[in-house]
Amino acid sequence: MNPFEMVVLIVAIVVLGRVITARVRHGGPKADAGLAAENDRMKREMAQLKDRIATLERIATDAPARLSSEIERLRDEKTN
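What counts, and at which threshold
- Residues numbered from 1 in each chain as written.
- Predicted model: local features only at pLDDT ≥ 70, side-chain atom pairs only at ≥ 80, totals over all residues.
- Heavy atoms only, no water.
- Salt bridge = Lys/Arg side-chain N within 4 Å of Asp/Glu carboxyl O.
- Helix = DSSP H or I, 4+ residues; strand = E, 2+ residues; numbered from the N terminus.
- Buried < 20%, exposed > 50% of the residue type's maximum accessible area, 1.4 Å probe, protein only.

**Regarding the pattern of salt bridges**
- Summed over the entire model, instances satisfying the criterion amount to six salt bridges.
- As a salt-bridge pair, R73 and E70 come within 2.6 Å of each other at their nearest N and O atoms. In this pair, R73 and E70 are both assigned in helix 3 (residues 64–79), three residues apart and thus about one turn of the helix distant.
- Classification of R73 as partly exposed rests on a relative accessible area of 34%.
- Judged by its relative accessible area of 9%, E70 is buried.
- Between R75 and E72 there is a salt bridge, and its shortest N-O distance comes to 2.9 Å.

In structure tokens, the structure reads:
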């Protein structure tokens, strides 16, 4: 084996090793699908939390007389 062939072989081994390491480290396509599902779940949860915050802000800034009726309305929604 001449020196040029050895250099090409060493470079090929290093490149192959880095490709394999990158795939293992990033998890491949299955990890991407898992991340997409997690992202969708977190978006839904964020939307729910925004709705809850909007409700709490509305309750906190409304007149105190309306506070009692709003709490009752929310209880009725939760039980139904």
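Past the structure itself, the notes keep going.
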